[in-house]
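Chain residues, written in single-letter form:
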Amino acid sequence: MSETFKALRRTNGYLYIFFVLYMSACSTAKQSTYAELTNTRASAVKTLNKQVDEFNHYDDRPASDGHLDKQNNKAFLQENIPLFLCSDSSITKVYNYRWWMISKHLKAYADPYDKQTYWVFTEFFGDKPWATLSGAIPCPAGHQFYDVRWLRNPEFLKSYTDYYMRGSASRLNQRENANFLTYTSRPESHHFSSWMIDGIEAFLKVHPDNDWLHDILPHLSAHQQVWDSLFTVNEPAAKTAGMYKFLDLYDGMEFSLSTVLGLIASDGAYSLYTDDNWRNYYLGWETTGNAAQSQQAKQYPKAYRSGYPDFYMVRPTLNAYAYANLLALSNLNTLTYRNFADLKAKNQATKYKTRAEELQTTVLNLLWNEEDQFFYSYTAGDNKFGIRDFESRVRESVGYTPWYFNMIPFSDNKKYEGAWQIFASEKGFYNTGGMTTAEQQHPYYNEQAYAWNGRGWPFQNSVVYKAYANYLRNYKSQVAEKDRQLLYDYVQKLVATHGEKPNIGEWYIPSEKGTFGGEKDYFHSTFPDIIIADLLGFEALHENQFMVQPLLPENAWSYFYLGNIMYHGRTIDIIWKKDWDAQKQGNQSALRIWVDGRLTKTSDRLNDKVVVEIPPTNSLAIDNP
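What counts and what doesn't
Residues numbered from 1 in each chain as written. Predicted model: local features only at pLDDT ≥ 70, side-chain atom pairs only at ≥ 80, totals over all residues. Heavy atoms only, no water. Buried < 20%, exposed > 50% of the residue type's maximum accessible area, 1.4 Å probe, protein only. Helix = DSSP H or I, 4+ residues; strand = E, 2+ residues; numbered from the N terminus. Contact = heavy atoms within 4.5 Å. Core = buried A, V, L, I, M, F, W, Y, C linked by side-chain atoms within 4.5 Å. Polar contact = N/O pair within 3.5 Å; in protein donor to acceptor, adjacent residues only side chain to side chain. Phe/Tyr/Trp six-rings, centres within 6.5 Å; stacked < 30°, edge-to-face > 60°. Pairing = 2+ DSSP bridges. Axes fitted to C-alpha atoms, helices over the stretch in contact; angles between N-to-C directions. Salt bridge = Lys/Arg side-chain N within 4 Å of Asp/Glu carboxyl O.

Caption draft 1: Highlighting helix 7 (residues 196–206). In terms of burial, helix 7 is largely enclosed, as 10 of its 11 residues are buried. Listing the buried residues of helix 7 in full gives Met196, Ile197, Asp198, Gly199, Ile200, Glu201, Ala202, Phe203, Leu204 and Val206. Next to the buried residues of helix 7 lie helix 5 (141–148), helix 6 (155–165), helix 8 (210–230), helix 12 (316–340), strand 11 (538–540) and strand 13 (559–567).

Caption draft 2: Spotlight on the nonpolar core. Counting residues in hydrophobic clusters, the biggest one holds 200 residues, and the most contacted among them are Tyr400, Trp403, Trp557 and Phe560. Among the elements that take part in this core, helix 12 stands out by supplying 11 residues, more than any other. Here tryptophan 557 is in contact with Phe84, Cys86, Ser87, Asp88, Ile91, Tyr488, Leu535, Leu536, Leu552, Trp576 and Lys578, once residues within four sequence places are set aside.

Caption draft 3: Here's a closer look at the side chain of asparagine 56. Mapping asparagine 56 onto the fold places it in helix 2 (residues 13–56). Within the structure, asparagine 56 has its side chain in polar contact with the side chain of tryptophan 100 (distance 2.8 Å). Not counting residues within four places of it along the chain, the set of residues in contact with asparagine 56 comprises Lys70, Asn73 and Trp100.

Caption draft 4: Highlighting the packing of aromatic side chains. As enumerated under the stated definition, the model contains 74 aromatic pairs in all. Ring plane angle 80° and centroid distance 6.3 Å describe the contact between phenylalanine 121 and phenylalanine 523, whose orientation is recorded as edge-to-face. Taken together, the residues phenylalanine 121 in strand 3 (residues 116–121) and phenylalanine 523 in the loop between helix 17 (481–497) and helix 18 (528–535) connect sequence positions 402 residues apart. The pair phenylalanine 121 / phenylalanine 523 is uniform in exposure class, with both members buried. Here the aromatic rings of phenylalanine 374 and tyrosine 400 are separated by 5.2 Å at their centres, their planes lie at 80°, and the arrangement is edge-to-face. Of this pair, phenylalanine 374 sits in strand 8 (residues 374–375) while tyrosine 400 sits in the loop between strand 10 (391–392) and helix 14 (401–404); the two residues are 26 residues apart in sequence, bridging distant segments of the chain.

Caption draft 5: Representation of the side chain of serine 462 in the model. Tracing the sequence through the fold places serine 462 in helix 16 (residues 458–474). In this structure serine 462 comes out as buried when scored by relative accessible area, which is 3%. Setting aside its immediate chain neighbours within four residues, serine 462 contacts His143, Tyr404, Ser525, Thr526 and Ile530.

Caption draft 6: Expanded view of the sheet that holds strand 12 (residues 545–548). If you walk across this open sheet you meet the 3 strands as 11-12-17, and the pairing is antiparallel. With partners counted over all chains shown, the strands left at the sheet margins are strand 11 and strand 17 (610–613), one partner each. Averaged over all neighbouring strand pairs, the angle between strand axes comes to 25°, with direction disregarded. When strand 11 meets strand 12, the two strands line up antiparallel, connected through 3 bridges. Paired with glutamate 539 across the strands is methionine 547, a residue of strand 12.

Caption draft 7: The environment of aspartate 604, seen in detail. Relative to the elements of secondary structure, aspartate 604 occurs in the loop between strand 16 (598–603) and strand 17. With relative accessibility at 57%, the residue aspartate 604 sits in the exposed group. Along the sequence, aspartate 604 and arginine 592 sit 12 residues apart, while their C-alpha atoms lie 8.8 Å from each other. Contacts of aspartate 604, omitting those with residues within four sequence positions, involve Ser589 and Ala590.

Caption draft 8: Quick peek at the sheet that holds strand 10. In spatial order, the strands read 6-9-10; together these 3 strands make up an open sheet with antiparallel pairing. Here the strands that pair on one side only, and so sit at the sheet edges, are strand 6 (313–314) and strand 10. Bridging between strand 9 (residues 377–379) and strand 10 involves 2 bridges; their strand directions are antiparallel. Bridge pairing links tyrosine 378 to glutamate 391 in strand 10.

Caption draft 9: The pattern of salt bridges, seen in detail. Counting across every chain of the model gives 32 salt bridges. Put simply, lysine 493 and aspartate 489 hold a salt bridge, and the shortest N to O gap is 3.9 Å. With lysine 493 and aspartate 489 both in helix 17 and 4 residues apart, this pair spans about one turn of that helix. What makes lysine 493 buried here is its relative accessible area of 15%. Notably, a salt bridge pairs arginine 570 with aspartate 596, separated by 2.9 Å at the nearest N-O pair.

If you want it as structure tokens, here you go:
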């Protein structure tokens with residue numbers, strides 16, 4: 001007994017008795033909450049094990065691309081993934097399924113050019129001719145980085161980054177074959193658009209590593225330089241001068257309505273496309289053969305590649321990705337300057353921040369249509385064929401991409417928030433089976449074709465749901481229950497589309513309560529990150545802290561557990577229960593957060609923003625009295 005407690009006992013017996021009773025109650029409460037954590041964690045592991053056994057028995061799925069299969073994937077998932085359990089069993093099952101699916105795409109690639117082995121994540125199974133030689137494809141890499149950053153072992157994503165940023169994928173030109181529908185040669189790492197540098201920063205917020213960052217940072221700059229040199233509009237007098245451009249296909253979106261409008265407005269090489277007949281030439285892969293046989297394609301052979309028009313678009317997607325990459329380069333250079341007193345990094349940070357702000361201003365001034373309250377696409381101002389600097393006035397879900405990266409100035413929210421009204425509208429993007437990719441009220445809307453003219457694509461769900469979650473958390477002064485309910489409703493529709501035997505594919509039909517079509521177990525979108533970061537609001541930071549702000553409707557669940565998260569080298573566990581004590585009248589709602597087994601933060605309200613400072617290592621002890 002300490003001298004203070006002895007003195008307390010001598011001078012005030014009643015106070016001492018009170019103190020003993022108080023400490024006893026606290027000890028009992030600690031035991032209760034710690035038992036709740038250990039029991040819930042055990043339950044989450046048990047559920048994961050049972051469901052992985054079920055997934056491993058599915059006989060209609062492609063084999064793994066790598067070494068993880070039914071013999072060893074359970075142990076890998078137990079050791080590496082954030083555990084999750086909630087009162088909605090369907091969401092829990094899809095969450096665990098998506099991690100099981102991701103494990104099938106983890107592949108050790110022995111690179112014959114670099115003479116080393118990289119960890120990569122594939123998108124399709126097998127060797128696709130439009131993939132890198134490793135089988136990985138940069139198109140979904142941004143999404144893959146956001147999901148995979150949550151694995152406890154950071155070495156997989158570091159190696160994947162190395163492959164794209166300084167490995168052979170950064171140097172070898174994309175192989176040209178019948179699937180190479182462009183005349184622009186480029187490295188494998190740039191065959192499709194991506195926001196990989198932003199994804200690397202998102203990863204480093206979860207797993208900081210200053211030495212690794214310092215080493216790879218010059219390669220991140222070189223990666224961005226390729227985008228700058230090959231894919232910006234080079235006509236100084238154009239409205240779109242200096243903005244980033246790409247073909248629909250290599251923006252991961254095959255055929256879009258915004259491009260259709262530009263083609264119809266064009267003369268010369270693209271006079272082929274009219275209001276009446278464009279569907280015969282630019283609506284799914286079965287139509288490009290018709291274009292290849294046209295008189296225009298024969299007269300202007302460089303305007304088409306196998307019937308696919310060489311017609312570049314300046315879209316909200318690629319320009320938002322570039323903004324995010326430039327801003328990430330600024331932030332990462334700032335970190336390097338602080339950690340290594342690197343003056344070059346300080347100057348680079350300023351340069352990239354200026355460039356990001358300049359691009360932000362251009363996007364807001366040009367792509368935003370004040371009358372229609374939406375971000376539109378333009379045709380590139382230096383297209384060799386077809387109309388230039390043409391505004392395609394059709395609302396497509398890609399117009400929400402700027403919010404994914406918080407590209408809208410916070411002070412200007414009122415000017416831009418009208419775009420979200422159509423997100424909840426049946427004239428816009430809201431439908432029975434999920435989000436559409438084009439506004440349903442447009443006369444060209446079509447969800448049946450293999451195109452982005454309406455049909456739903458999980459890739460785009462992942463973009464827009466994060467964009468909407470960012471809008472609610474970061475821009476709205478007050479988030480209403482209907483706002484949270486809309487996000488949750490969209491997530492539930494996505495979950496339902498996975499089906500009884502969960503599967504993630506390429507696309508779905510929004511007007512139907514159906515299933516995914518195309519490839520099975522397809523790694524082209526996120527789901528763990530939708531749950532962890534978007535719905536439950538775990539926000540990773542460079543600082544030694546994190547924030548939690550769920551966007552869960554009050555009555556959606558009775559509890560959730562999110563834990564086993566490796567964050568800044570510490571293990572984080574979070575439990576929310578609507579009622580912690582069934583013996584007491586009413587609900588005793590509480591959100592409780594543990595760091596390395598010690599209860600660190602508690603909040604009585606589900607949707608409050610909770611900031612958790614990570615205590616020094618020597619101050620932590622497992623909270624097990």
